[in-house]
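The lines below spell out each chain.
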Amino acid sequence: MGKRLTIGLLDENAYNEYHGMIASGVRMSAKKHDINVIRIGHFLTDITTRSEYHEKILHEYIEQFNFDGLMFLGWGRAFSNDNFRSMFKDIPTVSIGMGVAGIPSIVFLGESYIEEILNHLIQVHKRSKIAFIAPISPDTRVKAYTRTMKQYNLYDPQLYISEKDLIDLSINARGVRAVDILLDERKLKIDAIVSLYNAETYEIIKALNARGIRVPEDIAVTSYEEGEISRFSSPSFTTVNFLWKELGYYGCETLHTLITNGEAPLVTEISGGVIYRNSCGCIPHSAEVADLDLSRQLKKGFLELSQIELEEIAERIAAVTFFTIKEAWLLLDKFRQAIAGSSEKPFLSELEMILRRAFLYEKHDDIGQASVMFRRILIPHFLPYRRNRKELIVRAEDLFVQMQTILQAKRTVAWFSDEIRSNLLKLTLNEVGQIFITNFNVKSLMDSIETNLPRIGVNGCYIYLFDKSDSSSGLFDNYSLEFEYRDGRKVRRRKVRRRKTNSRNEKANFDEVLFRDDRSYFLLSHLLYVGDEFMGFILFDPSYMDLRIYRTLGLQISTALNNIIMFKKLDDGYRKLMDQAHRRGMADSTAVLHDIANIMNSVNVTTQAMENLMGNCPVDDLVMANGLLSEKADELESFVRDDRKGKLLMQFYADLGGEFEKFSEKMQASINRLMDSTRLIEDIINVQQSYTGVRSNLESVELGAIVDDIIRMYSAMIDKAGIKVVKSYETLVPALVQ
């Protein structure tokens, strides 16, 4: 048996569900071929656009693993510069989601679906003033909008919101801003809006409703991403069934072919379909439902099929649904009895029993597909009845609809059950994060991580930290395995160090540490950093594929490590100045220590603000919401479907991501203030050290720079007091100082 392949998946660390679907598809293919996968989650597009340094660190990080092949997002920033291409030109690479010249690519040709949506809005719903919100990065969908609107002589450049109109805005903020531009600034009378992101679409509808505008009666709105938000929002979104999981699956399949055969198709197209729902004015129906194949003229109808023929049909149903052959046969038998004139209750009861036995609350997509495939396979056998026994077709369609209703209800309950489980885990994560930031040395932090990982359900965790003792070397020239956790316990072993090597054949001991068992692994990896301070990297062996949980855990560990580094710098600086004051008896040491104390006050204020921020995290509302759901656990299905509180609760969960995003931004601002304080103390120490052996000459200094430093020293207290500082330096006044 040859060496097991190890491939990399370079993906963005987004909070939406779609990247998890891509990872699930890759994992499915990798398991099939017995391949190790390391998913490297990197900075979001808007961050890497502004930081070449971040990209440089990311590329060096990827290089550590010596992958046999690499998959990357075609629209991601990691591939957008020449360094990436030159560093990894010698290993097989595959682009996911967007075509890249000369590289095998898995693509989803979205422009055809934009054309279909526009044709539908114009022809079916008679809309003519259709606004279009451009994607974050321009692509062929923009051309499809322009081309289609011009074909109908409806094109108006005022209806187009470009990416420049929404620059530096989050997805949620883009939706609100687009409505403001269209209705307030351009004062347009529009009757439809085409958006490309679910979160953006949700905010558009909310902004329109706040203005008293009805969707879809006054303005139709469509999206482009199929997901939980599009299914369960009110109104549900007309959108495109973007096959994220298939992108990942065929990306891995193509990379495996490229590695083993030396070549692979340059373009593999993944087909989706438009799903029409309430937001455009349609009654929901799925693009997954195929049209009847009227060309199949079967001589024998469903009721005339033999036992052997029914068994063959049961096998076909079992092959494409979650039903076993036995379950499919039982359903067919009860279905046949209902068609022949018996009660429909045995068929529906059997379906309910199968759902209870199968524990399918974790297989939402499988549940939704079952009725579609069941109908697709059976309906051709009812075509012989079109002329003489149409009532049998009507009866069959009625049973299909009831089957779909039951399965969709189960799917809704399953989603809410998962949300409850996920929110309970978020509560645990929040508590764990508060525990992590109370540690003030690395050993204590590692002990806390070991204690709390079982609460989150992590199979394995590996933390590598950079050794920065040699300032002349790069981050990846010297790092070590600081923490290893597998099978529910910390592994005690001699510290494994990695030093720079020029040979790509020498791995950083990763195979020995990460892939110890004789099985294929799927690991999630993140850099540990805050701002431009990179401390190491972490890898998780996940027990379930909710990437957001592991990203949050990585951020919490990053924050804790950064706090430890900052407090160590503060402590070292304070001790050094105290020692100098005692040894040298310098008269100005008291003033220097006073400055340090002032900065420490600012640090304490910021730290207190961070603690208050953690205390005001929107967790209490989440607890109340989960409590309400727990109270309604026995009637969850009807509560979600019929109760106004249940529908409002769904909107609350949809809004929750924005609240946590605000929390993250405030926490990042506090961390930045701490880092500013640390740098200021370092400056004071450096100046103090420079006094030794230096003559007491006066030097010319700009007073404006001194004032700026003083304001920075007290920035936390100024912010807390709500003071607005206005600086106006008409002339730069020099002063002679020592």
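Given the structure is predicted, the values throughout are model-derived calculations rather than measurements.

So what about the overall build of the protein? Which residues, and what values?
When helices and strands are counted, the protein shows 24 helices and 20 strands. A total of 738 residues make up the protein; the buried ones form 50% of that total. Surface exposure of the protein reaches about 35,900 Å², of which carbon and sulfur atoms provide 51%.

Outline the sheet that holds strand β9 (residues 220–222), listing residues and values.
Taken together, the four strands give an open sheet; going across it, the order is β7-β6-β8-β9, and neighbouring strands pair in parallel fashion. Each end of this open sheet is capped by a strand with a single partner; those strands are β7 (160–161) and β9. In this structure, strand β6 (residues 130–133) lies alongside β7, joined through two bridges in parallel fashion. Within β7, the position partnered with F132 by the bridge is Y160. Each of β6 and β7 is contacted by helix α6 (residues 140–151), which is oriented at about 165° to β6, the strand it contacts most.

Pulling in residues and values, what's your account of unusual backbone geometry?
Put simply, V215 and P216 share a cis peptide bond, and its omega is 10°. With respect to the secondary-structure elements, P216 resides in the loop between α8 (198–210) and β9. The omega torsion across S234 and P235 is 0°, close enough to zero to call that bond cis. Position of P235 among the secondary structure elements: in the loop between α9 (228–232) and β10 (239–240). Unlike most non-glycine residues, D168 shows phi in positive territory, near 65°.

Let's hear about a nonpolar patch on the surface: which residues, and what values?
Taken together, the side chains of L703, I706 and I710 make up a nonpolar region of the molecular surface, amounting to roughly 220 Å² of accessible area. Here I706 shows up in helix α23 (residues 703–713). The partly exposed category is assigned to I706, whose relative accessible area is 31%.

Help me get a handle on the environment of S137, residues and values and all.
By the secondary structure assignment, S137 is in the loop between β6 and α6. Between the alpha carbons of S137 and E163 there is a distance of 7.0 Å; along the sequence they are 26 residues apart.

Describe the packing of aromatic side chains, naming the residues involved and giving the relevant values.
Following the criterion strictly, the structure yields 34 aromatic pairs and no others. When the centroid spacing of 5.3 Å and the interplanar angle of 80° are considered together, the rings of F440 and F567 count as edge-to-face. Pair noted here: F440 is in the loop between α15 (390–436) and α16 (442–456) and F567 is in helix α18 (residues 547–584), with a separation of 127 residues, a long-range link. Owing to a relative accessible area of 24%, F567 belongs among the partly exposed residues under this scheme. Here F476 and Y479 contribute two aromatic rings whose centre-to-centre distance is 6.1 Å and whose plane-to-plane angle is 85°, an arrangement assigned as edge-to-face. Given the relative accessible area of 5%, F476 is considered buried. Overall, Y479 belongs to the buried group, its relative accessible area being 0%. Over the aromatic face of Y385 sits the side chain of R389, whose NZ or CZ is 5.7 Å from the ring centroid. The ring of Y521 carries the charged tip of R519 above its face, separated from the ring centre by 3.7 Å.

Report on the nonpolar core, specifying residues and quantitative values.
If you look at the biggest cluster of nonpolar residues, it comprises 121 residues, and the most contacted ones within it are L208 and I463. It is α18 that contributes the most residues to this core, 11 residues altogether. Ignoring any residue separated from it by four or fewer positions in sequence, one finds I463 in contact with M446, I449, S480, L481, E482, F483, L528, F537, I538 and I557. Core analysis: the second largest hydrophobic core is formed by 35 residues, L303, L305, I379 and I406 among them.

So, the packing of helix α1 (residues 18–33) against helix α10 (residues 244–261): which residues are in play, and what are the values?
Interaxial distance between α1 and α10 falls to 6 Å at its minimum, and their mutual angle equals 35°. The handedness of the crossing between α1 and α10 comes out as right-handed. Residues Y18, M21, I22, S24, G25, V26, M28, S29, A30, K32 and H33 of α1 form the contact with α10, whose own contacting residues are W244, K245, G248, Y249, C252, E253 and H256. Within the contact of α1 with α10, the residues separate by chemical class into nine nonpolar, six polar and three charged.

How would you explain the pattern of salt bridges if you had to name every residue and give the values?
Taken as a whole and assessed by the stated rule, the structure comprises 25 salt bridges. The residue K468 makes a salt bridge to E533 at a minimum N-O spacing of 2.6 Å. Remark: E533 occurs in strand β18 (residues 533–541) and K468 occurs in the loop between β13 (460–466) and β14 (478–486); sequence separation between them is 65 residues. Two residues, D708 and K727, come together in a salt bridge whose shortest N-O distance is 3.3 Å. In this pair, D708 sits in helix α23 while K727 sits in the loop between α24 (715–721) and β20 (734–737), placing the two residues 19 residues apart along the sequence. Beyond isolated ion pairs, a larger network of salt bridges with shared partners links R4, D34 and D518.

Can you tell me about the packing of helix α11 (residues 307–320) against helix α12 (residues 325–339), naming the residues and giving the values?
Between α11 and α12, the shortest axis-to-axis distance is 8 Å and the interhelical angle comes to 125°. What the angle tells us is that α11 and α12 run oblique. Along this stretch, α11 crosses α12, giving a crossing that reads as right-handed. Contact residues: Q307, L310, E311, I313, A314, E315, I317 and A318 in α11; I325, A328, W329, L332 and R336 in α12. Considering only residue class, the contact of α11 with α12 consists of nine nonpolar, one polar and three charged.

Requested: an account of the environment of N430, with residues and values cited.
Examined against the element boundaries, N430 turns out to sit in helix α15. Sequence separation of N430 and C617 is 187 residues, and the distance between their C-alpha atoms is 8.5 Å.

Can you lay out the pairing of β6 for me, pointing to particular residues and giving the numbers?
Judged by which residues are buried, β6 turns out to be covered on both faces: I130 and F132 on one side and A131 and I133 on the other are all buried. Sheet topology note: the β6/strand β8 (residues 192–194) ladder contains three bridges and is parallel. When the sheet's bridge partners are listed, F132 is paired in β8 with V194. On the question of chirality, the crossover connecting β6 to the parallel β7 by way of α6 is right-handed.

Lay out the pairing of β18 in plain terms, naming residues and giving numbers.
The side chains of a regular strand alternate, residue by residue, between the two faces of the sheet. Most of β18 sits out of view: nine of its nine residues are buried. For β13 and β18, the ladder comprises six bridges, and the chain directions are antiparallel. Among the inter-strand pairings, Y462 is bridged to a residue of β18, identified as L539. Pairing of strand β17 (residues 522–530) with β18, which is carried by seven bridges, proceeds in the antiparallel orientation. Paired with S525 across the bridge in β18 is L539. Here β17 hands over to β18 after two residues, with G531 in that stretch at a positive phi of 65°.

Outline the confidence of the model for the protein, supporting the account with residue identities and numerical values.
A residue-level look at the protein finds 83% of positions with pLDDT of 70 or above and a mean pLDDT of 81. Here residues 285–297 scores under 50 on pLDDT; set against residues more than four positions off or in separate chains, the count is 23 contacts. Here residues 360–364 is a poorly scored stretch, pLDDT under 50, and it has 12 contacts once near neighbours within four places are set aside; other chains count.

Procedures and definitions
Residues numbered from 1 in each chain as written. Predicted model: local features only at pLDDT ≥ 70, side-chain atom pairs only at ≥ 80, totals over all residues. Heavy atoms only, no water. Helix = DSSP H or I, 4+ residues; strand = E, 2+ residues; numbered from the N terminus. Buried < 20%, exposed > 50% of the residue type's maximum accessible area, 1.4 Å probe, protein only. Areas by Shrake-Rupley, 256 points an atom, 1.4 Å probe, with all protein chains shown as cover. Pairing = 2+ DSSP bridges. Contact = heavy atoms within 4.5 Å. Axes fitted to C-alpha atoms, helices over the stretch in contact; angles between N-to-C directions. Patch = residues over 30% accessible without salt bridge, like charges linked within 9 Å, V, L, I, M, F, W, Y side chains within 5 Å. Salt bridge = Lys/Arg side-chain N within 4 Å of Asp/Glu carboxyl O. Phe/Tyr/Trp six-rings, centres within 6.5 Å; stacked < 30°, edge-to-face > 60°. Lys NZ or Arg CZ within 6 Å of the ring centre and 35° of its normal. Core = buried A, V, L, I, M, F, W, Y, C linked by side-chain atoms within 4.5 Å. Left-handed = near helix turned anticlockwise from the far one by under 90°. Nonpolar A, V, L, I, M, F, W, Y, C, P; charged D, E, K, R; others polar. Parallel < 35°, antiparallel > 145°, perpendicular 65-115°, else oblique. Right-handed = clockwise from strand over helix to strand, strands pointing away. pLDDT = per-residue confidence, 0-100.

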